[in-house]
Amino acid sequence: MMDDELGSDPRELVFALCHELGNLLAAARLEAFLLRDGMSAEDLSRSSETFSRVAAQGGSLLAAVRPLLAPETTQSEWLEPVEVLERLKQSLDENCARRVRVDLPSAADLPQVSFHPEVLHHLLLTEVLSGLEEFPEDVHLTVSGRHVEKGVAFTVEPASAGASDPKTLAGVVLSRICARTIVEPRGGSLDVEHGPSGTRCSLIVATTETDV
């Protein structure tokens, strides 16, 4: 469940996304400032991973602007769920791929979904990156597909529990409210389940054609 008090006004969400992007760029700038001659290979590797993550997160945040402000320009297409997961797998850099298992067989026999391919890809990628950022290196994430009553659920587990203030438009709270705002008019939803074994986030996409 998510806090509905924050609302889902597209303009306010875009303002918050811009602020979030500014924070990411500030973090990258600080990382670059700390780079010095004679750094160890481990330090350089960590910085490289930071820059790659910031670039991926920033791109995915920006990808939400268009469907929020001009949803009519992101027309849905029929997509094979297994191809959605395959594209996600191919987009992960080496560090992310080492920690993320994309379960392609889970989506092999699922019905087609109706959604804009680029928007769906970045919504899923944002959720994956949130989990990778929160958990230590030895925690691995699984992304899978399954058939549900409303359509097809693309699930990330364990997912980020949301370290930021649940009443503040920032971090994973912001990205999930954006996702919910984008998918609901298209017949989908976003479900976040907190249980004793961890948090599971499911982006549910309709298997029927919808107009925005």
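Not measured: the values here are computed from a predicted model.

## Some points on the overall build of the chain
Item 1. The number of helices and strands found in the chain is seven helices and seven strands.
Item 2. Order of helices (α) and strands (β) in the chain, N terminus to C terminus: α-α-α-β-α-α-β-β-α-β-β-α-β-β.
Item 3. Here the chain, with 212 residues, has 46% of them falling under the buried criterion.
Item 4. As displayed, the chain offers around 10900 Å² of accessible surface, 54% of which is attributable to carbon and sulfur atoms.

## Focus on the packing of helix 4 (residues 81-91) against helix 6 (residues 117-134)
When two helices pack together, their arrangement is given by the angle between the helix axes and the distance between those axes.
Item 1. Where helix 4 contacts helix 6, the axes come no closer than 10 Å and their chain directions differ by 55°. Taken together, the axis directions place helix 4 and helix 6 in an arrangement best described as oblique. Viewed along their axes, helix 4 and helix 6 form a crossing whose handedness is right-handed. Between helix 4 and helix 6, the residues in contact are Val 84, Arg 87, Leu 88 and Ser 91 and Pro 117, Glu 118, Leu 120, His 121, Leu 124, Leu 125 and Val 128, respectively.

## Some remarks on the packing of aromatic side chains
Item 1. Here the structure, examined in full by the defined rule, presents zero aromatic pairs.
Item 2. In this arrangement the basic side chain of Arg 186 is found over the ring face of Phe 115, its NZ or CZ atom lying 5.2 Å from the centre.

## Some points on the sheet that holds strand 7 (residues 198-206)
Item 1. The five strands are arranged 2-4-5-7-6 in an open sheet whose pairing can be described as mixed. With one partner strand each, in any of the chains shown, strand 2 (100-102) and strand 6 (189-195) form the two edges of the open sheet. The mean inter-strand angle of the sheet, taken between neighbouring strand axes irrespective of direction, is 20°.
Item 2. Seen against the sheet, helix 7 (residues 171-183) touches strand 6 and strand 7 and runs at an angle of roughly 140° to strand 6.

What counts, and at which threshold
Residues numbered from 1 in each chain as written. Predicted model: local features only at pLDDT ≥ 70, side-chain atom pairs only at ≥ 80, totals over all residues. Heavy atoms only, no water. Helix = DSSP H or I, 4+ residues; strand = E, 2+ residues; numbered from the N terminus. Buried < 20%, exposed > 50% of the residue type's maximum accessible area, 1.4 Å probe, protein only. Areas by Shrake-Rupley, 256 points an atom, 1.4 Å probe, with all protein chains shown as cover. Axes fitted to C-alpha atoms, helices over the stretch in contact; angles between N-to-C directions. Parallel < 35°, antiparallel > 145°, perpendicular 65-115°, else oblique. Left-handed = near helix turned anticlockwise from the far one by under 90°. Contact = heavy atoms within 4.5 Å. Phe/Tyr/Trp six-rings, centres within 6.5 Å; stacked < 30°, edge-to-face > 60°. Lys NZ or Arg CZ within 6 Å of the ring centre and 35° of its normal. Pairing = 2+ DSSP bridges.

Limitation: the analysis is restricted to geometry and does not speak to function.
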